[in-house]
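Analysis of the macromolecular model
Single-letter residue listing:
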Amino acid sequence: MPEASPGRVSSSLSGSSTGHVVQARDIQGPVHIHAVPPNATTRHGEPVPWQLPTGVRGFVNRSVEQEAMGRLLAEHPPSAQVLVLTGTAGVGKTSLALHWAHAVRERFPDGQLYANLHGYDPQEPVAAAQVLERFLRALDVPAAAIPTDPEAMASTYRSLVAGRRMLIVLDNASSAAQVRPLLPGVPGCLVVVTSRHRLSGLGVREGARHLTLEVLAEHDAVELLQEVTADYRNGDDPDELAQLARLCARLPLALRIAAERAAGRPRMLLNDLIQDLRDESSLWDALSSEDEEESEAVRSVFAWSYRALPADAARLFRMLGLHPTGEFSVAAAAALVAGTVRQTGRLLDGLVAGHMVEQTAPDRYRFHDLLRAYAVDQVRREQEPEESERAVRRVLAWYLHAADAAQAHIAPHEPRVALAPLDSEVEPVAFGDEAAARGWFEAERENLASATRTAAALGLDSYVWQLAVVLRAFYMQRNTFQDWFATSRLGLEAAGRGNDRHAQAELHESLGMAYTQSSRLDQAAEQYEAALAIRRELDDPAGEALTLNGLGLLRLRRHQLPDAQEAFERARALFQALGDTYWEPRTAVNLAEVQAALGRLADAERVARAGLESFREVADRRAEGNALRILSRIQLEGERTDEALDSARHAVDLAVDLNSAVAEAYWLTQLGHTQRVAGRLADALASYQRSAVLQRSLGDRSREALAWDGAGLTYLELGQAQEASEFHRRAIAVHRDLGDRWQWAEALCHLAEALEAMGEAADVVREHRREALTLLGGFTDPSALHRRDRLTSALGEGA
């Protein structure tokens, strides 16, 4: 007997996302779902991003500008949603934006977003798509739910911020075009943009307000100098402080560096410091053809501080300009200069004390864009090109070897790249466990992608493709599609230039996985087929088997059962010939799932049980759980409901023990199916709901929709046909959007049954069944033929 109804349960498992397929070879380590901090929620329990960096310490002045910014907030409704802070380099635009943003953040209860657009860095400006991806993640969009098309990303972003009151800071923008995709579409949010240019186009089209920052008034500049030096110097003459301020062109960045220099020499007369700076300024006047007081003052202050550095610290400073980005770790800096991490850390402490770099975490630092440009200039002036090239190669090799070491923890059975030994003068990275490796990948994500681009720009093709192949192990578990596609395409081009066919095959397969997991299945098939052709050309049976396994999973995903069976059988035979005891049973279990879908239950069970025994012998609990899921499906279709229930429960228990949300989410759907057939309807609804919630967090739209469809079937058995129809409609919308004809047709059949139970008009029910019948026209497997026969019969009866 079915259980009594558990009561009305709302079908408001809402949200939109873009699905991915988690392949058998994708799940190498646990996927952790981290709790949102207690104070990081807003209405409806939505996470609130708090992305503002720390404001500058000892901020002074700019009261007039802050009042003007405050007046914009006081307007009801505000006359502008975009405020552009403009001014010369080093005038303090970022410091003011962050100081003010922290002061008014309570006015924006839905949080703050921040991005440094690097519009004036030596590196390429940050593309809007990269920022959109980070913003969408901060807004709790799962990785796989983030569209890959930039316009679709911008549309999703605008939809999410609509109706929220957020403060968005876009720092160092170089053009209006860089900013526009990041602007909300409706009022409610305030965007603060900093730029050296006026960005007039934002005023014309978006109605932006502009606030130009001038250099500080002389008394304000003196106050800033006194604020920084107060604890270290006493009795400095105000007139001399005013002279120092004028030499710094009253620019806050230059003033702070000069003040740090003065604070570090408390017994040196201020007049002597001023004379040193005058001498440096005269040198720059002689060398420079420009006639810009502010830029000359900044360069003079930089040079004044740079030349005061010890030789080893000065070398580190300028060589940091060769790093792929303006943010770096101690270990990466050590690789650049071929020093030890400990020595380099001490040198960085000195650069921080001199305000030449900023420390952002215990072992991480960043440059101001002007200081980075100055460092690059000094490299060109003072170093031989060969020395600079060796430094770049060292840091690229360091990133490559570190990523490879991390892969050994995260995805040890993925193909490894044979790397040239790391230089003996470079300290390698070692990770204690998988968590440490994952943390490193997260922290270095931008640097790793930039390292790949840097290698490509310099024509270092082996570094390009090797980085791209190694990074796949991280990308395939995080679904960071922008970086994954970009690095893989660069790697494929680099491998093509070198005619490295093995590398080309790896990168075609990487792109196949990326397209599959982003639900672009036609492109995925093209990439897998290209990889397969190369594997066969090279007579690479191990690589061919892996590619066939991936192609089989793609075909299974598309319900191309005969083709999937062929791929798995060939992959399995190759693994058997190679004596590969890791991949052979996994491929066999994948094959068992196809056999079950084809109705060959005895063959499927025999293969699944053999795989299960193999996994238990080596205590591979993740593979064991997947085999139990498939075994449960076989038992359920064989009407052995109690056995199916036990297998599914055991699988889910293993997923929970492994802390694997990917496994738990998918295996819960099978548990829901068994509970529904067993008449445990309340339990089934709980399993489907838990599965849908987890799939939402993982971004797998297709499997989330499967959970919705299962919930709809359960509600129909409870006699709640209206609720059932709502869940089926949601599943249909997703499958239609993804172009999944099989699941789309299945959900249409279920909707027709729910509508029929509601007493809906016969022509409406008939329309859904005809649509399902059309969708099933391309499938020839027994389950498809059976479904088509049932539909034809129902339509023939005039339903």
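Use the structure listed above.
This write-up is about the structure you can find in this document.

Reading the values: the criteria
- Residues numbered from 1 in each chain as written.
- Predicted model: local features only at pLDDT ≥ 70, side-chain atom pairs only at ≥ 80, totals over all residues.
- Heavy atoms only, no water.
- Pairing = 2+ DSSP bridges.
- Helix = DSSP H or I, 4+ residues; strand = E, 2+ residues; numbered from the N terminus.
- Axes fitted to C-alpha atoms, helices over the stretch in contact; angles between N-to-C directions.
- Contact = heavy atoms within 4.5 Å.
- Buried < 20%, exposed > 50% of the residue type's maximum accessible area, 1.4 Å probe, protein only.
- Left-handed = near helix turned anticlockwise from the far one by under 90°.
- Nonpolar A, V, L, I, M, F, W, Y, C, P; charged D, E, K, R; others polar.
- Salt bridge = Lys/Arg side-chain N within 4 Å of Asp/Glu carboxyl O.
- Core = buried A, V, L, I, M, F, W, Y, C linked by side-chain atoms within 4.5 Å.

Spatially, five strands are ordered β2-β3-β4-β1-β5 in an open sheet, and the strand pairing comes out parallel. Two strands in the sheet have a free side with no partner beyond their single neighbour: β2 (112-116) and β5 (209-212). Neighbour-to-neighbour, the strand axes of the sheet open up by a mean angle of 15 degrees, direction not taken into account. Pairing geometry for strand β1 (residues 82-86) and β5, over four bridges, is parallel. Looking at the pairing, Val84 lines up with His210 of β5. Sitting on the sheet, helix α1 (residues 63-74) is in contact with β1, β4 (190-195) and β5, with an inclination near 170 degrees to β5. Against the sheet, helix α2 (residues 93-104) makes contact with β1, β2, β3 (167-171) and β4, and its axis sits at roughly 160 degrees relative to β4, the strand it touches most.

A large share of β3 lies buried, amounting to five of its five residues. By the alternation rule, side chains of β3 split into Leu167, Val169 and Asp171 and Ile168 and Leu170, which are all buried. Both β2 and β3 contribute to a ladder of five bridges, which runs parallel. In the sheet register, Tyr114 faces β3, and the bridge partner there is Val169. The pairing of β3 with β4 spans four bridges and is parallel. Across the sheet, residue Val169 finds its bridge partner in β4, namely Val192.

The next thing to look at is the packing of helix α19 (residues 461-478) against helix α20 (residues 481-497). As a packed pair, α19 and α20 sit with axes 8 Å apart at the nearest point and diverge in direction by 145 degrees. As α19 packs across α20, the resulting crossing turns out to be left-handed. For the pair α19 and α20, the contacting residues are Asp461, Val464, Trp465, Ala468, Leu471, Arg472, Tyr475 and Met476 in the first and Asp483, Trp484, Thr487, Ser488, Leu490, Gly491, Ala494, Ala495 and Arg497 in the second. Considering only residue class, the contact of α19 with α20 consists of ten nonpolar, three polar and four charged.

Residues other than glycine seldom take positive phi values, yet Leu199 does so here, at roughly 55 degrees. Along the chain, the position of Leu199 falls in the loop between β4 and α6 (200-206). We note that Ala619 has phi near 55 degrees; this positive angle belongs to a residue other than glycine. With respect to the secondary-structure elements, Ala619 resides in the loop between α26 (601-617) and α27 (621-637).

Next up on the list: the pattern of salt bridges. If you walk through the whole model with that rule in mind, you get 46 salt bridges. With a closest N to O distance of 3.0 Å, Arg640 and Glu643 form a salt bridge. On the accessibility criterion, Glu643 (36% relative accessible area) is partly exposed.

What follows concerns the environment of Val192. Considering the arrangement of structural elements, one finds Val192 in strand β4. Look at Val192 and you get buried, because its relative accessible area is 2%. Counting along the chain gives 474 residues from Val192 to Tyr666, while the straight-line C-alpha distance between them is 42 Å. Setting aside its immediate chain neighbours within four residues, Val192 contacts Leu83, Leu85, Ala97, Trp100, Leu167, Ile168, Val169 and Leu170.

The subject of this paragraph is the nonpolar core. Of all hydrophobic cores here, the largest spans 147 residues; its most connected members are Phe317, Leu320, Leu348 and Trp440. Not counting residues up to four positions away in its chain, the partners in contact with Leu348 are Leu316, Leu320, Phe328, Val330, Ala333, Val357 and Tyr365. Counting 35 residues, the second-largest nonpolar core is a separate cluster that includes Val126, Tyr157, Cys189 and Val193.

Geometric values such as these leave the question of function open.
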